[in-house]
Amino acid sequence: MAVSTRFNFATGVTVNIVTTRQNFTGELIDEVFFDDNSNNTNNNNNNDNNGISSFLIIRLTAASAPFVTGQVVRINTDEIIAIG
C-alpha cells in the first residue's frame, strides 16, 4: 500500500480533501489505478492520462453525507482540487 509521491503524503496520515463534488476528512490508506479501456471501469473518462484512472482510498474520520465516519471511500484523483 502506497500513495504516489505526487501527493507528498504517506499512508496513515489524516488529510482534508476538497473535490469537485464534496469535501472529505480521513486517513489515507492507498492509491489504486484502473484501466479505463478494460472492463474494470466505464469508458466515459475524458482525461488524457492514457486511459488510466487513479483513486485515493481513505477511511473517513469525519462524516461527510451520505458517508459515515469509519467508512472507506474511493476518490477519483482527477476530481481533487486540494489536499492538505
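Going by the structure above, here's the rest.
Heads up: these notes are all about the structure in this document. (Residues numbered from 1 in each chain as written. Predicted model: local features only at pLDDT ≥ 70, side-chain atom pairs only at ≥ 80, totals over all residues. Heavy atoms only, no water.)

1. Regarding the side chain of N76
When you line up the elements, N76 lands in strand β4 (residues 72-76). Side-chain polar atoms of N76 contact the backbone nitrogen of D78, separated by 2.9 Å. Setting aside anything within four residues of it in sequence, one finds N76 in contact with S54 and F55. (Helix = DSSP H or I, 4+ residues; strand = E, 2+ residues; numbered from the N terminus. Polar contact = N/O pair within 3.5 Å; in protein donor to acceptor, adjacent residues only side chain to side chain. Contact = heavy atoms within 4.5 Å.)

2. Section: the pattern of salt bridges
One pass over the structure, following the stated rule, counts 3 salt bridges. E31 is the partner of R6 in a salt bridge, and the nearest nitrogen-oxygen pair spans 2.8 Å. With a gap of 25 residues between them, R6 in the segment before β1 (14-19) and E31 in strand β2 (residues 23-35) connect regions that are remote in the sequence. The buried category is assigned to E31, whose relative accessible area is 5%. The shortest N-O distance in the salt bridge between E27 and R59 comes to 3.4 Å. Residue E27 is located in strand β2, and its partner R59 is located in strand β3 (residues 52-60); the two are separated by 32 residues in the primary sequence. (Salt bridge = Lys/Arg side-chain N within 4 Å of Asp/Glu carboxyl O. Buried < 20%, exposed > 50% of the residue type's maximum accessible area, 1.4 Å probe, protein only.)

3. What to know about the environment of N23
The residue N23 is located in strand β2 in this model. For the pair N23 and I83, spaced 60 residues apart in sequence, the C-alpha separation works out to 9.8 Å. In this structure N23 touches I17, V18 and S64, once residues within four positions along its chain are discounted.

4. Brief notes about the sheet that holds β1
Ordered by their spatial adjacency, 5 strands build an open sheet running β4-β3-β2-β1-β5, and the pairing between neighbours is antiparallel. Here the strands that pair on one side only, and so sit at the sheet edges, are β4 and β5 (80-83). Between one strand axis and the next, the sheet turns by 40° as a mean value, whatever way the strands run. (Pairing = 2+ DSSP bridges. Axes fitted to C-alpha atoms, helices over the stretch in contact; angles between N-to-C directions.)

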